[in-house]
Structure formats: structure tokens, C-alpha cells
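# Structural overview for review
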Amino acid sequence: MARLLQAPPKFHPSEWDTANKMQCASTESQKSRSERMIAESQRLLDEIEKTTQKTQSDVNKKIEQRQEEIKFWKQELDKKLEQIVHETELLLTFKTRLEKSLESCKEPLIIAQKCLLTRQRRAGIDLVHDEVEQELVKEAEVLQGVIALLGHTLEQTNEQIRLNRSAKYNLEMDLKDKFTALMIDDYCASLRNNTPDIRYADTAVKIEGNVVSPEDWIDFSNINVEKADKQRNNSLALRALIDGILSQTANDMRKQCEMVNVAFRNRVKEVKDAKHKLETLLAMVMDETASQEKNIAALKKAIADKERPIKVAQTRLEARNHRPNMELLKDTLTQAETELKGLSRRQLSLEEEIQVKENTLYIDEVLCMQMRESVYINNF
């Protein structure tokens, strides 16, 4: 019991003083460390805040720069798209001109071939390989050449339209991507630290496998622009070529058409002149025939008138001395009848030849030339 009531050990005042000093020193040391930590933490917070602000500012600037780049390329692509669309529309009108020109060649070719076939019905000596036939053959060749050229040019035009549309499609797809990218970057640019619904994203720092470098990104759009420019320039050159071809072929066809028409007019004049000469000769032959018929009639009458005197003469011994005169009359009659037959044959020949010329004139002037009146070479 006495041990339980024993007083605890007592410290010396110096120990107490030392203990208090140590507590003060320890507390001061802890406080200093804490203050340093607070200062370091504040410095670190300030540094992080500055770094964060700088990083955000740099990112914002890069986003703005990216927005400007996208807008620039979007404007370029829009401009090139508008140009290629406009050029394609123009080329389509040229395609229509080619198609109309090609279609318009068919009737003149058919008419030229019909004229050649119809002129095979000329008869006799008039079935000649004349200038008209030569020019008609040349016209058919010119038209066939024009049809082949226009057909080939039309194929080129269709191919160029396809290439233009391919370039247009690439521009549209690129523009679509640029529009999406600009919407995303606009959204990113609008985000602030106090924006609602911002959150951590585990995949935010993950780089996708299909990401391209800025250089590749620029090259991709630049290639699309260059392709569009190339096809637009090709299309412009093709339109100039089509203009020249349409003008030249129309001139060639028009020139050859006139050559054929001139040849027809000249030939018709030649045939008419020949027919007129034949008709003049026929009239002369008919006049001569009439004169010969009168001559024969006169000779026959003279012979008839001499019959009775001859009968008297034959009863006389000197009758034969007068016979030669009678024989001379009969010989003359025979010659006259021979000439009449010759004149008849000549008349028949002339009439047949006039019919040949009339047939030729009908074929050339009525059938062919009237058929060709419908031929008109347009400039498309």
C-alpha cells in the first residue's frame, strides 16, 4: 500500500527547461518545414497553373491555326469544286453539240448515197463517171470521215466528263471531311475550364492507327486540287478542240456540198445543151426527111409519067437508045429511098438519144437536185 502511494519521479528544473526548449525547437522546425512545403506547393501550383495556362493557350492557338488551315483548304476545295462543276456543265453542252452535229451528218450521207444509186439508172452513153459522180463519191467520203471524227471526239468527251466527275467526287469527299473536321475543331475551340459536361477520357491520348501527318494531310488535299485543275485544263483544251472540229467539219461539209451542187448544175446545163443540139438535129433530119419524101414522090411521079412513052419506044427498033434515061430515074429513086431509110434511122437514133438525155435530166434535176434541197449544213 505504501508502494502504491509512492510519488512519481520528479525531474530537475533544468530537465524541464530543456524539455520545453526541445518542444519549442521541434515545433519551430516542424513549422518551418511545413511553411517550406506550403511555399513549395504554392510555387508548384503557380508553376503548374502557368504551365497549364500556357499549354491551353498554345493548344487554343494551334486549334485556331488548324481552324484557319481547314477554312483555307475548304475555300480552295469549294473554289475548285465550283470550277470543275461549271466546266463539266459547259463540256456537257459541247457534248450535246457533238451529238447534234453527228446526227445531222446522217441525212446528207444518205442523200449522197441515194444520188449515187439513183444515177445508176442513167442509160446508154449518159451512164458516165462524170464530175457529179466524182464529187458525190468525195462527199460521201467526207461525210463518213466527219462521222468517224465526231464519233471519236464524242468518246473523248464522255471520258473527260467521267474524269471531271471523278475529280468532283474527290473534292466533295475531301470537303465533307474538312467540314466534319472544322465542326470538331470549332467544338474544341469553344470548350473552357468551366464548360459543363467536360470529363476525363481514357482514350483521349491514344493515337489512332489511321492518323496522318500534317504534311500528308496537306498533300492529300493538294493532290485533289491539282487533279481537279488538271482535268479542268484538259476539259478546256478539249472544248477548244471540239469548237475547232465542229467549225472545220461544218465548213468541209458545206464546201463539198456546194461542189456537188455546182457539178449538178453544170452537168444539167451540159445535158440540156446536148439535148437542145440533138433536138435541133432531129428537126433538121425531120425537115430533110420531109424533103426526101417529096423528092421520092416526085421521082415516082416522073417514073409513072414515063411509063407510056417507054412502052411506045419499046415497039420501035431504036427504043434501047432511050432506056438509060429511064434507068437513071429508077437508080435515083432507089438512092433517094436509101437516103430516106438512113434519115429514118438517124431520126430514131436521135429520138432515142433525146430520151436518154430526158431521163438523165429527170434523174439529176428532178430526183437528185430536189432531194438535195433538204440538205443544210448547220454550225453547232
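Fair warning: this is a prediction, and the values are worked out from it, not measured in the lab.

## A short note on the overall build of the protein
Summing up its helical and strand segments, the protein has five helices and zero strands in all. Reading the helices (α) and strands (β) of the protein from amino to carboxyl end gives α-α-α-α-α. Against the 2.2 N^0.38 benchmark of 21 Å for 380 residues, the protein shows a C-alpha radius of gyration of 59 Å, more extended than a compact globule. Expressed as lengths along the three principal axes of its C-alpha atoms, the size of the protein is roughly 235 × 35 × 30 Å. Considering the protein as a whole, with its 380 residues, one finds that 28% of them fall into the buried category. Long-range pairs, those at least 24 residues apart, make up 92% of the contacts in the protein with a sequence separation of at least 6. Accessible surface, the protein as shown: approximately 26400 Å² in total, 55% of it carbon and sulfur. Charge separation in the protein, taken as the distance between the mean sites of 60 positive and 65 negative side-chain charges, equals 3 Å.

## Observations concerning the packing of helix H2 (residues 106–118) against helix H3 (residues 131–190)
Close contact between H2 and H3 brings their axes to 9 Å; oriented N to C, the two are set at 150°. Classed by the angle they form, the pair H2 and H3 counts as roughly antiparallel. As H2 packs across H3, the resulting crossing turns out to be left-handed. Residues Pro108, Leu109, Ala112, Gln113, Cys115 and Leu116 of H2 touch H3, and the partners they reach there are Glu133, Leu136, Val137, Glu139, Ala140, Leu143, Gln144 and Ile147. For the contact of H2 with H3, the per-class residue count stands at 10 nonpolar, two polar and two charged.

## Re the nonpolar core
Ranked by size, the top nonpolar core spans 31 residues in total, and within it Leu91, Leu98, Leu136, Leu150, Ile242, Met253 and Phe264 carry the most contacts. In terms of residues, this core owes the most to one element, helix H4 (residues 214–314), which gives 10 residues. For leucine 136, the residues in contact, after removing those within four places along its chain, are Ala112, Cys115, Leu116, Arg119, Val260, Phe264 and Arg372.

## Description of empty space enclosed by the protein
Within the structure shown, the criterion is met by one cavity of 30 Å³ or more. Looking at the largest cavity, its volume works out to about 40 Å³. Taken together, the residues of the lining of the largest cavity break down into five nonpolar, three polar and no charged.

## Some thoughts on the packing of helix H1 (residues 13–104) against H3
Here H1 crosses H3 at 160°, and the two axes come no closer than 8 Å. Our classification of the angle between H1 and H3 gives roughly antiparallel. Like other packed secondary-structure pairs, H1 and H3 cross with a definite hand, here left-handed. Split into classes, the residues belonging to the contact of H1 with H3 amount to 22 nonpolar, nine polar and 15 charged.

## Overview of the side chain of glutamine 231
Among the secondary structure elements, glutamine 231 is positioned in helix H4. What glutamine 231 contacts, discounting residues up to four positions off in sequence, is Ile84, Gln160, Leu163, Asn164 and Ala167.

## Digging into the pattern of salt bridges
Two side chains of opposite charge can pair, provided their charged atoms sit close to one another. Throughout the structure, instances matching the rule amount to 28 salt bridges. Of the charged contacts, one joins glutamate 35 and lysine 31 as a salt bridge, the two residues approaching to 3.8 Å between their closest N and O atoms. With glutamate 35 and lysine 31 both in helix H1 and four residues apart, the pair spans about one turn of that helix. Residue lysine 357 is joined to glutamate 353 by a salt bridge in which the shortest nitrogen-to-oxygen separation is 2.5 Å. Residue lysine 357 and its partner glutamate 353 are both found in helix H5 (residues 323–372); the two are separated by four residues, about one turn of the helix. Among the residues examined, lysine 357 registers a relative accessible area of 8% and is labelled buried. On the basis of relative accessibility, which here comes to 22%, the residue glutamate 353 falls in the partly exposed class. Each member of the salt-bridge network shares a partner with another, and the members are Arg119, Arg122, Asp130, Glu133, Arg267, Glu270 and Asp364.

## Thoughts on a negative patch on the surface
Side chains of Glu215, Asp216, Asp219 and Glu226 sit close together on the surface and give a patch of like negative charge. By the element assignment, glutamate 215 lies in helix H4.

## Quick word on the packing of aromatic side chains
Two descriptors summarise a pair of aromatic rings, namely the distance from one centre to the other and the angle between the planes of the rings. Summed over all chains, the structure comprises one aromatic pair. Consider the rings of phenylalanine 72 and tryptophan 73, whose centres lie 5.4 Å apart with planes at 75°: the pair is edge-to-face. In this structure phenylalanine 72 comes out as partly exposed when scored by relative accessible area, which is 44%. Residue classification places tryptophan 73 among the buried positions, given a relative accessible area of 11%. The side chain of arginine 66 reaches across the aromatic face of tryptophan 217, ending 3.8 Å from its centre.

What counts and what doesn't
- Each chain carries its own residue numbering, running from 1 in the direction its sequence is written.
- Local features in this predicted model are restricted to residues of pLDDT 70 or higher, and side-chain atom pairs are both shown and tallied only at a pLDDT of 80 or more, whereas totals for entire chains, interfaces and linings draw on every residue.
- Only heavy atoms go into the side-chain values, all of them from the structure, while hydrogens and water stay out.
- By the criteria applied, helices consist of DSSP H or I runs no shorter than four residues and strands consist of E runs no shorter than two, each listed in order from the N terminus.
- Values of the radius of gyration come from C-alpha atoms, whereas the globule rule sets the reference at 2.2 Å times the count of residues to the power 0.38.
- Think of it in three bands: residues with accessible area under 20% of the maximum for their type are buried, residues over 50% are exposed, and the middle band is partly exposed, with areas taken using a 1.4 Å probe on protein chains only.
- Here, residues are in contact when the closest pair of their heavy atoms is within 4.5 Å.
- For accessible areas, the Shrake-Rupley method is used with a probe of radius 1.4 Å. Any residue's cover is judged against the shown protein chains and nothing else.
- Think of it this way: Lys and Arg go in the positive column, Asp and Glu in the negative one, and His and the chain ends go nowhere.
- Taken as the charge centre is NZ of Lys, CZ of Arg, CG of Asp or CD of Glu, depending on the residue.
- Every axis in this analysis is a line fitted to C-alpha atoms, fitted for helices over the stretch in contact. Angles between the N-to-C directions lie between 0 and 180 degrees.
- Should an angle fall under 35 degrees it is called roughly parallel, over 145 degrees roughly antiparallel, and 65 to 115 degrees roughly perpendicular, with every other angle called oblique.
- Whether a crossing is left-handed or right-handed is set by the direction in which the near helix is turned from the far one by less than a right angle, anticlockwise for left-handed and clockwise for right-handed.
- Charged residues are taken to be Asp, Glu, Lys and Arg, nonpolar residues to be Ala, Val, Leu, Ile, Met, Phe, Trp, Tyr, Cys and Pro, and polar residues to be all remaining types, Gly included.
- Residues belong to one nonpolar core when they are buried, are Ala, Val, Leu, Ile, Met, Phe, Trp, Tyr or Cys, and are joined through side-chain atoms within 4.5 Å.
- Detection works on a 1 Å grid of protein atoms alone, calling trapped sets that fit a 1.4 Å probe cavities and calling open sets with protein on both sides within 12 Å along at least five of seven lines pockets, with lining residues defined by an atom within 4 Å of a point.
- Grid points are joined across faces, edges and corners, and a volume is the space filled by probe spheres set on the points.
- When a carboxyl oxygen of Asp or Glu lies within 4 Å of a side-chain nitrogen of Lys or Arg, that pair is called a salt bridge.
- In this analysis, a patch consists of residues with relative accessible area above 30% that form no salt bridge, clustered at 9 Å for like charges and at 5 Å for the nonpolar side chains Val, Leu, Ile, Met, Phe, Trp and Tyr.
- In this analysis, rings of Phe, Tyr and Trp, with Trp reduced to its six-membered ring, are considered paired at centre separations within 6.5 Å, and the interplanar angle assigns stacked below 30 degrees, edge-to-face beyond 60, and tilted for intermediate values.
- Two thresholds decide whether a charge sits over a ring: the Lys NZ or Arg CZ must be within 6 Å of the ring centre and within 35 degrees of the ring normal.

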